[in-house]
Amino acid sequence: MPRLDKGLVEVYTGNGKGKTTAAFGLALRAAGHGLKVLIVQFMKGWEGYGEVEACKKIENIEVVRFGTPEFVNPASPKPIDIEEARRALEYAREAVLSGKYDIVVLDEVNVALHFKLIELGDILDLIEKKPSHVELVLTGRYAPPELVKAADLVTVMEEVKHPFRQGVVSRRGIDY
Ligand code: ATP
Ligand code: MG
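Scope of this entry: the structure provided in the associated data block. Quick caveat, the model's predicted, so the values are computed rather than measured.

Enumeration over the complete set of coordinates arrives at 11 salt bridges. With a closest N to O distance of 2.8 Å, Arg 3 and Asp 102 form a salt bridge. With Arg 3 in the segment before β1 (9-13) and Asp 102 in the loop between α3 (79-98) and β4 (103-107), the pair connects residues that are 99 residues apart, well separated along the chain. Across the pair Asp 107 and Lys 44 runs a salt bridge, and its minimum N-O distance is 2.8 Å. Of this pair, Asp 107 sits in strand β4 while Lys 44 sits in the loop between β2 (37-41) and α2 (50-55), and the two are 63 residues apart along the sequence. Per residue, the accessibility class of Asp 107 equals that of Lys 44, and both read buried.

Okay, structure coming up:
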């Protein structure tokens, strides 16, 4: 089985578009080399994502979603939101530590941290304990400075323009 010589920690954050799609793009590239990829999604209980459907057709990429179909209210998250985020973290943790995957993506984990659904210490602990061949990719707006510090690669997507500002609603095949 092919492996990475050394797995690093990547963070895709910022307010501009392209974080989740960058992570799926990376997954696609890695799968082409026979690497095994797991994508664990936080706060994504909704069924309609094109990228999730596409991955069902691709060998070597597994996507596991957690959360409810509704938006999380950051001011008062529901108990189910917290439960789902903790389940996602536990699933990701076991998968990372198992060493079975070459790349593990925690999609929107930064937002789950920002909303205080999970604790930063648990993510830092996972970074510390991950097997050295595993690449860990953390996406979502609001990556905390501690994560930026712990990561090897950090990209901040900057919103220069987004059609949302012109009233263009979320588009099928482009935004989901
Ligand atoms: P994508 O999934 O397209 O890569 P993303 O992961 O960077 O985007 P998120 O912050 O997770 O974006 O936001 C999720 C949704 O919001 C996506 O449908 C995305 O297209 C859209 N979006 C991203 N950036 C902006 C923005 N600056 N203004 C409005 N909507 C945005
Ligand atoms: Mg995203």
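Now for the side chain of Glu 135. Of note, Glu 135 is situated in strand β5 (residues 135-139). Buried and without a salt bridge, Glu 135 has Lys 130 as its closest oppositely charged side chain, separated by 6.7 Å. For Glu 135, the side chain forms a polar contact with the main-chain nitrogen of Leu 8, separated by 2.8 Å. The residues contacting Glu 135, other than those within four sequence positions of it, are Leu 4, Lys 6, Gly 7, Leu 8, Glu 10, Asp 102, Ile 103 and Val 104.

Another aspect to go through is the side chain of Glu 10. Mapped onto the fold, Glu 10 is located in strand β1. The charged side chain of Glu 10 is buried without a salt bridge, its nearest counter-charge being Arg 29 at 8.5 Å. A distance of 2.6 Å separates the side chain of Glu 10 from the side chain of Tyr 12, its partner in a polar contact.

This part takes up a nonpolar patch on the surface. Taken together, the side chains of Val 148, Val 154 and Val 156 present a nonpolar region at the surface, about 220 Å² in accessible area. Tracing the chain through its elements places Val 154 in strand β6 (residues 153-156). Take Val 154: its relative accessible area is 34%, and that puts it in the partly exposed class.

Moving on to the site of ligand 1. Surveying the vicinity of ligand 1 reveals 13 residues, the closest of which are Lys 17, Lys 19, Thr 21, Arg 141 and Asp 175. Measuring from an oxygen atom of ligand 1, one finds a backbone N or O atom of Lys 19 at 2.7 Å. Between ligand 1 and the protein, one listed contact pairs an oxygen atom with a side-chain N or O atom of Arg 141 at 2.7 Å. Bound to the protein, ligand 1 loses 82% of the 570 Å² it would expose on its own. Counting atoms within 2 Å of the grid points, the majority share of ligand 1 lands in the largest pocket. Residues that form the shell around ligand 1 fall into these classes: 1 nonpolar, 6 polar and 6 charged.

The next subject is the sheet that holds β2. The 6 strands are arranged β3-β2-β4-β5-β1-β6 in an open sheet whose pairing can be described as parallel. Only two strands of the sheet have a single neighbouring strand rather than two, namely β3 (61-65) and β6. Taking each pair of neighbouring strands and ignoring which way they run, the sheet shows an average axis angle of 15°. In this sheet, β6 lies alongside β1 in parallel orientation, the contact comprising 4 bridges. Looking at β6, one finds that Glu 10 is bridged to Leu 153. Sheet strands in contact with helix α1 (residues 19-32) are β1, β2, β3, β4 and β5, and its direction is about 145° off that of β1. In this fold helix α5 (residues 120-129) packs onto β1, β4 and β5, with an angle of close to 160° to the strand it touches most, β5.

Procedures and definitions
- Residues numbered from 1 in each chain as written.
- Chains lettered and ligands numbered in written order.
- Predicted model: local features only at pLDDT ≥ 70, side-chain atom pairs only at ≥ 80, totals over all residues.
- Heavy atoms only, no water.
- Salt bridge = Lys/Arg side-chain N within 4 Å of Asp/Glu carboxyl O.
- Helix = DSSP H or I, 4+ residues; strand = E, 2+ residues; numbered from the N terminus.
- Buried < 20%, exposed > 50% of the residue type's maximum accessible area, 1.4 Å probe, protein only.
- Lys, Arg positive; Asp, Glu negative; His and termini not counted.
- Polar contact = N/O pair within 3.5 Å; in protein donor to acceptor, adjacent residues only side chain to side chain.
- Contact = heavy atoms within 4.5 Å.
- Patch = residues over 30% accessible without salt bridge, like charges linked within 9 Å, V, L, I, M, F, W, Y side chains within 5 Å.
- Areas by Shrake-Rupley, 256 points an atom, 1.4 Å probe, with all protein chains shown as cover.
- Near = heavy atom within 4 Å.
- 1 Å grid on protein atoms, 1.4 Å probe; cavity = no way out; pocket = protein on both sides within 12 Å on 5 of 7 lines; lining within 4 Å.
- Sits in = over half its atoms within 2 Å of the grid points.
- Nonpolar A, V, L, I, M, F, W, Y, C, P; charged D, E, K, R; others polar.
- Pairing = 2+ DSSP bridges.
- Axes fitted to C-alpha atoms, helices over the stretch in contact; angles between N-to-C directions.

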